[in-house]
Amino acid sequence: MNPRLLLIDDDVRLTDMVGDYLRRNGYLVDAAGSLASGREQLKSTAYDALLLDLMLPDGDGLDLTRELRADSRLRRLPLLMLTARGEPMDRIVGLELGADDYLPKPFEPRELLARVKALLRRAAPEPQADDVLAFGRLEIDLGARHARLDGKPCDLTGHQFELLVVLAAIYGLSRWTLKPDTTAIFPFLVLINLVVWVGYALWIPLIFWLGRRFPFERRGWKRAAAVHV
């Protein structure tokens, strides 16, 4: 879904130009020419970021910034200030009140676009690649401890999942993604079951040995008890 932005600025020419430029680059843009109109749109619509002018006909954009940062629903809304106030103190006050970025007018549209992209990246960081390993059609989610093939969950026990992760590493796991040597989970499952059966084969002799040893120990205990009596 394309990010939705709200632009609050009373400069109609600038609003049209910025809105058209951002829309051409894949954003949905709503515009408001006053603080009152902006407040109403913020109440009725969920936005991914706010572009806010400081000098508006019905108030100062800093007042709206204070309101947003005091609102539990909107306090994390990414906010980029657009203003003709270029003095360092104006920027400092805006940032201290809660603005995430500050762009003085006039500005280059490409710089605005770059700042909006950076703003949205910081607000919604991508999931850690370490947590989800991609292997062609196979995905291994280390955090949730499950695997998916073609988007469908694979029915694996806890031991099978751990073996799958180990075998994936053997098959050429890099830090971020698995090399697409194959596109199916079948080879992994074959190896998992092979390892399980080899484990059984190693445990069976040990179990027989313990079974032979424990009865002897019990007989020894009985003889020792009889002598004591």
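For the structure, check the block above.
Rules used in this analysis
- Residues numbered from 1 in each chain as written.
- Predicted model: local features only at pLDDT ≥ 70, side-chain atom pairs only at ≥ 80, totals over all residues.
- Heavy atoms only, no water.
- Helix = DSSP H or I, 4+ residues; strand = E, 2+ residues; numbered from the N terminus.
- Polar contact = N/O pair within 3.5 Å; in protein donor to acceptor, adjacent residues only side chain to side chain.
- Contact = heavy atoms within 4.5 Å.
- Pairing = 2+ DSSP bridges.
- Axes fitted to C-alpha atoms, helices over the stretch in contact; angles between N-to-C directions.
- Parallel < 35°, antiparallel > 145°, perpendicular 65-115°, else oblique.
- Left-handed = near helix turned anticlockwise from the far one by under 90°.
- Nonpolar A, V, L, I, M, F, W, Y, C, P; charged D, E, K, R; others polar.
- Salt bridge = Lys/Arg side-chain N within 4 Å of Asp/Glu carboxyl O.
- Buried < 20%, exposed > 50% of the residue type's maximum accessible area, 1.4 Å probe, protein only.

Digging into the side chain of Asp-101
The topology assignment puts Asp-101 in strand S7 (residues 101-104). A polar contact is formed between the side chain of Asp-101 and the side chain of Arg-115, at a distance of 2.9 Å. Setting aside anything within four residues of it in sequence, one finds Asp-101 in contact with Leu-79, Leu-80, Met-81, Leu-95, Arg-115, Leu-119 and Arg-122.

Some thoughts on the sheet that holds strand S8 (residues 132-135)
Ordered in space as S8-S9-S10-S11, the four strands form an open sheet in which the pairing is antiparallel. Only two strands of the sheet have a single partner each, and these edge strands are S8 and strand S11 (152-153). In this sheet, strand S9 (residues 138-141) lies alongside S8 in antiparallel orientation, the contact comprising four bridges. If you follow Ala-134 over to S9, its bridge partner there is Glu-139.

Some words on the packing of helix H2 (residues 35-44) against helix H3 (residues 61-70)
H3 packs onto H2 with a crossing angle of 25° between their chain directions and a minimal axis gap of 11 Å. By the angle between their directions, the pair H2 and H3 is classed as roughly parallel. Note on packing geometry: the crossing formed by H2 with H3 is right-handed. Across from Leu-35, Arg-39 and Leu-42 in H2, the residues of H3 making contact are Gly-61, Leu-64, Glu-67 and Leu-68. In the contact of H2 with H3, the residues fall into four nonpolar, one polar and two charged.

Thoughts on the pattern of salt bridges
Going through the model one piece at a time under the given rule, you end up with 11 salt bridges. Through salt bridges with shared partners, a single ionic network connects Asp-9, Asp-53 and Lys-105.

Some details on the sheet that holds strand S1 (residues 4-8)
Sheet architecture is open: five strands sit in the order S2-S1-S3-S6-S7, paired in parallel fashion. What marks the edges here is a single partner per strand, and that holds for strand S2 (28-32) and S7. Adjacent strand axes in the sheet meet at a mean angle of 20° when their direction is disregarded. Relative to strand S3 (residues 49-53), S1 runs parallel, the two sharing four bridges. Along S3, the bridge assignment pairs Ile-8 with Leu-52.

A look at the pairing of S9
Joining the antiparallel neighbours S8 and S9 is a turn of two residues, in which Gly-136 adopts a positive phi near 65°. Where S9 lies against strand S10 (residues 146-149), four bridges are found, and the strand directions are antiparallel. For Glu-139, the partnering residue across the bridge sits in S10 and is Arg-148.

Some words on unusual backbone geometry
The amide bond that connects Lys-105 to the next residue, Pro-106, takes the cis arrangement and shows omega of -10°. With respect to the secondary-structure elements, Pro-106 resides in the loop between S7 and helix H5 (109-123).

With respect to the environment of Val-93
As for its position among the elements, Val-93 is in helix H4 (residues 88-97). Val-93 sits 31 residues away from Leu-62 along the chain, and the two C-alpha atoms are 8.6 Å apart.

A few points about the environment of Leu-42
Mapped onto the elements of the fold, Leu-42 is located in helix H2. Residue Leu-42 is classed as buried on the basis of its relative accessible area, which comes to 3%. In the structure, Leu-42 is positioned 36 residues away from Leu-6 in sequence and 8.1 Å away in space, judged by C-alpha atoms. Beyond its immediate sequence surroundings of up to four residues, Leu-42 is in contact with Leu-6, Tyr-47, Leu-64, Leu-68, Arg-73, Leu-74 and Leu-77.

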